[in-house]
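As a plain string of letters, each chain reads:
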Amino acid sequence: DVATTIDRLAAAVEAAGAKVFARVDHAGGAANVGQDLRPTQMLMFGNPKLGTPALQAAQTIGMDLPLRVVAWEGADGKTMVSYTDPAAMAARHGLPADHPVVGKMTGALANLTGKAVSP
């Protein structure tokens, strides 16, 4: 489910030496205003060793950092995980796609989300 997926992601992030900055329960927020939303949670996390070089190359990338992953329940009841592709994020801020940090972010997100969705 969504909560378990985000729990696993948070554990993987911390085990990798990164820091969890926030966990947002969007469905809980919706419930607080009397609206329904299938389970949806976002985890915001990062590692200054990875983020700082990206910020040094293009400071506006700070609008997209720390990284964020959303876990959400689809209409079919399946839990999905979504995040912004680091190459798209880099392009939005004029950071070259071949900048080493883009590859590192891509690998980190694939690794961490893989651990979050694995039983």
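The paragraphs below set out a description of the structure included in this document. Owing to the predicted nature of the structure, the values given are computational and were not obtained by experimental measurement. (Residues numbered from 1 in each chain as written. Predicted model: local features only at pLDDT ≥ 70, side-chain atom pairs only at ≥ 80, totals over all residues. Heavy atoms only, no water.)

Focus: unusual backbone geometry
Going by this rule: A run of H or I in DSSP counts as a helix once it spans at least four residues, and a run of E counts as a strand once it spans at least two, with each numbered from the N terminus.
In this model, Leu-65 is joined to Pro-66 through a cis peptide bond whose omega is 0°. For Pro-66, the location among the structural elements is in the loop between helix H3 (48–57) and strand S3 (67–73).

Quick notes on the pairing of S3
The line we're drawing: At least two DSSP bridges between two strands are required for those strands to pair.
Both strand S2 (residues 40–46) and S3 contribute to a ladder of six bridges, which runs antiparallel. In the strand pairing of S3, Phe-45 is matched with Leu-67. Pairing geometry for S3 and strand S4 (residues 79–82), over four bridges, is antiparallel. Bridged to Trp-72 within S4 is Met-80. Remark: five residues form the turn of the hairpin made by S3 and S4, two consecutive strands paired antiparallel; Gly-77 in that turn has positive phi of roughly 90°.

Describing the packing of helix H1 (residues 2–15) against helix H5 (residues 100–117)
Spelled out, the test is: Fitted lines through C-alpha atoms give the axes, limited to the stretch in contact for helices. The angle between two N-to-C directions lies from 0 to 180 degrees. Should an angle lie under 35 degrees it is considered roughly parallel, over 145 roughly antiparallel, and from 65 to 115 roughly perpendicular; all remaining angles are considered oblique. Left-handed describes a crossing whose near helix is turned anticlockwise from the far helix by less than a right angle; the clockwise case is right-handed. Contact between two residues is taken to exist if any of their heavy atoms lie within 4.5 Å; hydrogens are not considered. Three categories are distinguished: nonpolar for Ala, Val, Leu, Ile, Met, Phe, Trp, Tyr, Cys and Pro, charged for Asp, Glu, Lys and Arg, and polar for the others, with Gly belonging to the last.
Taken N-terminus to C-terminus, the directions of H1 and H5 make an angle of 135°; their axes are 7 Å apart at the nearest point. In terms of their interaxial angle, H1 and H5 are classed as oblique. Classified by chirality, the crossing of H5 by H1 is right-handed. On H5, the residues that touch Thr-5, Arg-8, Leu-9, Ala-12 and Val-13 of H1 are Leu-112, Thr-113, Lys-115, Ala-116 and Val-117. The class makeup of the residues in the contact of H1 with H5 is six nonpolar, two polar and two charged.

With respect to H5
The criterion, for reference: Expected helix span is computed as 1.5 Å times (number of residues minus one). Note on classification: 1.4 Å probe, protein chains only; a residue is buried when its accessible area is under 20% of the maximum for its type, exposed when over 50%, partly exposed between these limits. Throughout, the arc means that of the directions going from the helix axis to the C-beta atoms.
For H5, with 18 residues, the first-to-last C-alpha span of 26 Å sits near the 26 Å given by 1.5 Å per residue. Taken as a whole, H5 has its buried residues at Val-101, Val-102, Met-105, Leu-109, Leu-112, Thr-113 and Ala-116. Axial view of H5: buried residues confined to an arc of 110°, hence all on one face. Facing away from the buried surface of H5 by more than 90 degrees, the exposed residues are Pro-100 and Lys-104. Buried-residue contacts for H5 involve H1, S2, H3, S3, S4 and helix H4 (86–92).

Notes on the nonpolar core
We apply this condition: Within this scheme, the nonpolar core is defined by two criteria: the residues are buried Ala, Val, Leu, Ile, Met, Phe, Trp, Tyr or Cys, and they are joined through side-chain atoms within 4.5 Å.
Judged by nonpolar contacts, the single largest core of 26 residues is most densely connected at Leu-9 and Phe-45. Counting only elements with at least two residues in this core, the list comes to H1, S2, H3, S3, H4 and H5. Apart from the residues lying within four places of it in its own chain, the contact partners of Leu-9 are Leu-43, Phe-45, Val-69, Leu-112, Thr-113 and Ala-116.

Digging into the pattern of salt bridges
Applicable threshold: Just to be clear on terms, a salt bridge is a Lys or Arg side-chain nitrogen sitting within 4 Å of an Asp or Glu carboxyl oxygen.
In this structure the tally under the stated criterion is three salt bridges. The partner of Arg-68 in a salt bridge is Asp-64, and the shortest N-O contact between them spans 3.8 Å. Among the residues examined, Arg-68 registers a relative accessible area of 31% and is labelled partly exposed. Asp-64 sits in the buried class, given a relative accessible area of 14%. Counted as one network, the salt bridges with shared partners bring together Asp-64, Arg-68 and Arg-92.

So yeah, pure geometry; function would need other evidence.
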